[in-house]
Amino acid sequence: MLQLLVSTFVAAMFLIGSTVWFRAAQADPGLAPFAQAAVFGALHAAFLLSLVRDMGAAIGHLFQAPDVPLLLAAPVRARPLVLLRAGEALADAASFPAPLLAPILWGYGIAVGATWIYYAAVPLVMAGVLFFSVLLGFLVSLFVAPKVPIGRARGWIRGATAILYLAIWVGLTWWNVSGARHLETMAGGLGRAAHAWSGGGPAAWIPSAWAARLLLDLAAGESILVPLGLLVAGGTLLLALLALVAPRYPESWQRAQELARKATETPRTQARRWSATVSGAIAWRGVRARETADPVAALGLGGALFRRDRRLVVRDTAVLWDIALLVFMSSVLPILAAPVLAGRIERLVVFGIVFFSAELGFDLASRALPLERRALPWMLKAPVSPAAHVTARLASAWLMGWPLVCAVSVLATWATGQNATTIALHLILGTLVFSALVPIGFAAGVFFGQPEWRHPRQMLNLGGRLILAGILVALSAVIALAYAEGDAGSLRAFSPSPLVIPFVILVVMSDLLVVWASTIRLRRFEWLN
Amino acid sequence: MIRLVGLTKRYGQLTALDDLTLEVPRGTLFGFLGPNGAGKTTTIKLLTGLLKPTAGDAFLGPHSIVTQPLEAKALFGYVADVPFLYDKLTAREFLEFMGALYRVPEEAARARGEKLLKLLELDHAADTLVEAYSHGMRQKTALAGALLHDPPVLILDEPTSGLDPASSRRIKQLLRGLVSRGRTVFFSTQVLEVAEKLCDRVAILDQGKLVAHGTLDELRQSVPGARSLEEAFVTLTRGGEDRVIEEFLEETVEPLDLGALDSIS
């Protein structure tokens, strides 16, 4: 219910925002060409994102869904099976861009005073565009799956999606920082891009261009025969192609199983070499279990958790890419919060480091428990006290992220040509922020973690994600307020040094609080086997 | 070695386990039987500290799982009926982790881990990710993890389900061997033949209540006319199943001959 409310709220904001923007663009002769380009841009972006996403979804639907063996064992022909799966995938695909794309397109309709047919056509045209991306995803996955291990292929597709998201995010952020200066002339960067989106050339052959043209013509009351014909003909062609190759599906699935099996072989570990030393009887006293209750033993266990979690994260590309995407998106967030800083890169670096460390600390620690999925009881039934358990987890998350914080703080500061003292200060700042967010993140994982996730984004439920959003908004507000208040002189005079001691106290206090609260709340997972 | 005293677990109105009192002596292979939903897994979860009892207590050796959980947990190894493992670890890496979790010295853990992998015929797949394992291989990996610290008590939930006959036989031999060396094995099973052949003592649970316990002979004698454990079990838990089956077959399953099949094709 809360999810529905949030989605409705976001959609309403997009509708209002796009209506206002399109109205302003219509009224300004300099911006008018960008109104149409924005419709092309929105549909192109949705199509490209869906294309990459649906490749992964197609692999999931055809090769990884738990019911596939059951369906393939049934006396059902492959062709209707593949086409039905494509239909299912279309329903899934629509749920992704529709809440954002539809309000943008409806906003355009309101701004130009389109007739009711336009509003009714928007969902149909959107479905048409997504239909292309789903069919292409299915076609490609039928060819890719017998050649590349599907888990790996899906990981790379997720990576590509993450990079695309990131590119769009950075682009929007940069646009926001630079204001509308690039829109002043069509010869500018965005002007050229807008021209390319809506003009001829290769872009004219992308289905989203046909969809955009259809909607624009419909809003203007012109004939839609050509773009509609292209959409229908293109869709029919793809559908026919999919129907043609669909009988390959059972064979592709068999081959994909063989490849997936091979992909699970890991390189020989050090332990195998040690196996040569095994000889003789082992005394019971030599292997008997010992309790982990004291802090020193807990830190030792933290090392073991670190080694295990590093393997779990590195081998699960979906988790890895999800963390990377969220961390990088957060790192560029300060640019949004401080638009006046477009020319002051050294200050942006400071806030970039703060946001990077905050998000990484929260993200790694909050995933510590859900990362184990339903294997969590191995920890719960071991002779480890709840306090030692929590301490070990905090140590493990810290060990996993701190080297990254160091690397990013040092590199980002060094790359902007600052001296060694500043590098050291930034390193301390990053470490403090990271250390402060690790316990908060861990507590979010204990309270809001979900061991039965399918997509890494589901590791935390809405409550947990809202905590992170709240932290990032609060940080953004602090930065924005700091810059709104002071002039350039006071900005230069700003030094984080006096904040260090209160910050360290805050970190220690929050660590203690979290250890206490989390030890109690660990009982939440007792329903697991 | 294991003592359950008035162990009770309630979920709201539902009583999953009702005042269970039971004692399992050291060096015993103890079978815990009962129909689906009888409360076997709840008992095991209470015994291993995964659930907190509503009333009563469970003792492993001298230690209460409620008041001295760490000392009690150090004494047992446990395998769940559906053992969830870390899909992205190999069996060898899993054992390495278990060694650290139970603070077994590294060298000893490796040595015992390698022996367990070989014993359970997992050595050929020890560097393969668990996600590629069959149910039986997962079961054996979990068992290896539970045995790594050579626990005095082994608690197993359906240990032989999903295993091939050879593995099943090997594990049964292993359990008997462990018992003869003073370890105590407490396991739940639905397979009465396994319980009959393997166990020194059994207990039968039905709808959260203990309905019988003792040696196999004591159990058979306690049910008039019962010649086997299966007959005693059916009588003690839910009688009259034969009649239900007959009714179903009579009402819904038409006799089929080969001629009918030919006419379909």
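Just above sits the structure.
The following refers to the structure shown. (Residues numbered from 1 in each chain as written. Chains lettered and ligands numbered in written order. Predicted model: local features only at pLDDT ≥ 70, side-chain atom pairs only at ≥ 80, totals over all residues. Heavy atoms only, no water.)

### Considerations on helix α6 (residues 116-144) of chain A
Stated precisely, the cut-off is as follows: Secondary structure elements follow DSSP: runs of H or I no shorter than four residues count as helices, runs of E no shorter than two count as strands, and numbering proceeds from the N terminus. In this scheme, a helix's expected span is set at 1.5 Å multiplied by one less than its residue total. Here the bend at a residue means the angle between the axes of two seven-residue stretches, the one that ends at it and the one that starts at it.
Over its 29 residues, α6 of chain A runs 43 Å from end to end, which matches the ideal 42 Å to within 8%, given 1.5 Å per residue. In the structure, α6 of chain A departs most strongly from a straight axis at Val 122 of chain A, where the bend amounts to approximately 30° and where the proline Pro 123 of chain A lies between one and four residues downstream.

### Focus: the packing of helix α4 (residues 78-94) of chain A against helix α10 (residues 225-245) of chain A
Residues and elements named next belong to chain A. The following threshold applies: Structural elements are reduced to axes, namely lines fitted to C-alpha atoms, with helices fitted over the stretch in contact, and the angle between N-to-C directions of any two is expressed from 0 to 180 degrees. Each angle receives one of four descriptions, namely roughly parallel if under 35 degrees, roughly antiparallel if over 145, roughly perpendicular if within 65 to 115, and oblique otherwise. Handedness of a crossing is defined here by the sense of rotation of the near helix relative to the far one, left-handed for an anticlockwise turn of less than a right angle and right-handed for a clockwise turn. Contacts are assigned to residue pairs with any non-hydrogen atoms lying within 4.5 Å of each other. Each residue gets one of three labels, nonpolar for Ala, Val, Leu, Ile, Met, Phe, Trp, Tyr, Cys and Pro, charged for Asp, Glu, Lys and Arg, and polar for the others, Gly among them.
Where α4 contacts α10, the two axes come as close as 8 Å, and the packing angle between them is 135°. In terms of orientation, α4 and α10 fall into the oblique class. α10 is crossed by α4, and the crossing has right-handed handedness. Across from Arg 79, Val 82, Leu 83 and Ala 86 in α4, the residues of α10 making contact are Leu 239, Leu 242, Ala 243 and Leu 244. Taken together, the residues of the contact of α4 with α10 sort by class into seven nonpolar, no polar and one charged.

### Let's talk about the sheet that holds strand β4 (residues 55-60) of chain B
Residues and elements named next belong to chain B. Spelled out, the test is: When DSSP locates at least two bridges between a pair of strands, those strands are taken to pair.
Strand order in this open sheet of four strands is β2-β1-β4-β5, and the pairing throughout is antiparallel. In the strand order of this sheet, the two ends are held by β2 (14-24) and β5 (63-64), each with one partner. Summarising the sheet, strand β1 (residues 2-11) and β4 pair through five bridges and their orientation is antiparallel. For Ile 2, the partnering residue across the bridge sits in β4 and is Leu 60. Each of β1, β2 and β4 is contacted by helix α1 (residues 40-47), which is oriented at about 115° to β1, the strand it contacts most.

### A short note on a negative patch on the surface
Rules: Patches were defined on residues exceeding 30% relative accessible area and lacking a salt bridge, with like-charge contacts within 9 Å and nonpolar side-chain contacts (Val, Leu, Ile, Met, Phe, Trp, Tyr) within 5 Å. Shrake-Rupley sampling with a 1.4 Å probe provides the accessible areas, and residues are treated as covered by the protein chains on show and by no other component. Salt bridges, as used here, are contacts in which a Lys or Arg side-chain nitrogen is within 4 Å of a carboxyl oxygen on Asp or Glu. By the counting scheme adopted, Arg and Lys are positive, Glu and Asp are negative, and His together with the chain ends is not counted. Here the site of a charge means atom NZ of a Lys, CZ of an Arg, CG of an Asp or CD of a Glu. Buried, partly exposed and exposed residues are distinguished by accessible area as a fraction of the type maximum, computed with a 1.4 Å probe on protein chains only: under 20%, between the cut-offs, and over 50%, respectively.
Judged by side-chain charge, Asp 242, Glu 246, Glu 250 and Glu 251 of chain B come together as a negatively charged surface patch. For Glu 251 of chain B, a relative accessible area of 64% corresponds to the exposed category.

### Examining the interface of chain B and chain A
A common measure of how large an interface is: the accessible area buried when the components associate. Condition: The quantity reported as buried area is the accessible area (1.4 Å probe) lost by two parts once they are put together, taken as the sum for both. Distance and chemistry together define a polar contact, namely a pair of N or O atoms within 3.5 Å, with one atom able to donate a hydrogen and the other to accept it when in protein, and with adjacent residues in sequence counting only for side-chain atoms on both sides.
Facing 54 residues of chain B, the contacting portion of chain A comprises 52 residues. Both faces combined, the contact of chain B with chain A buries some 4,900 Å², and carbon together with sulfur accounts for 60% of it. For chain B, the biggest contributors to the area lost against chain A are Phe 84, Tyr 86 and Arg 103 of chain B; these three give 15% of the whole. Applying the counting criterion to the chain B and chain A interface returns four salt bridges. Residues Arg 315 of chain A and Glu 93 of chain B are paired through a salt bridge, measuring 2.6 Å at the closest nitrogen-oxygen approach. Where chain B meets chain A, there are 11 residue pairs in polar contact (both at pLDDT 80 or more). Of all the elements in the fold, those that place two or more residues in the side of chain B that touches chain A are α1, α2 (69-73), β6 (76-79), α3 (91-101) and α4 (106-119) of chain B.

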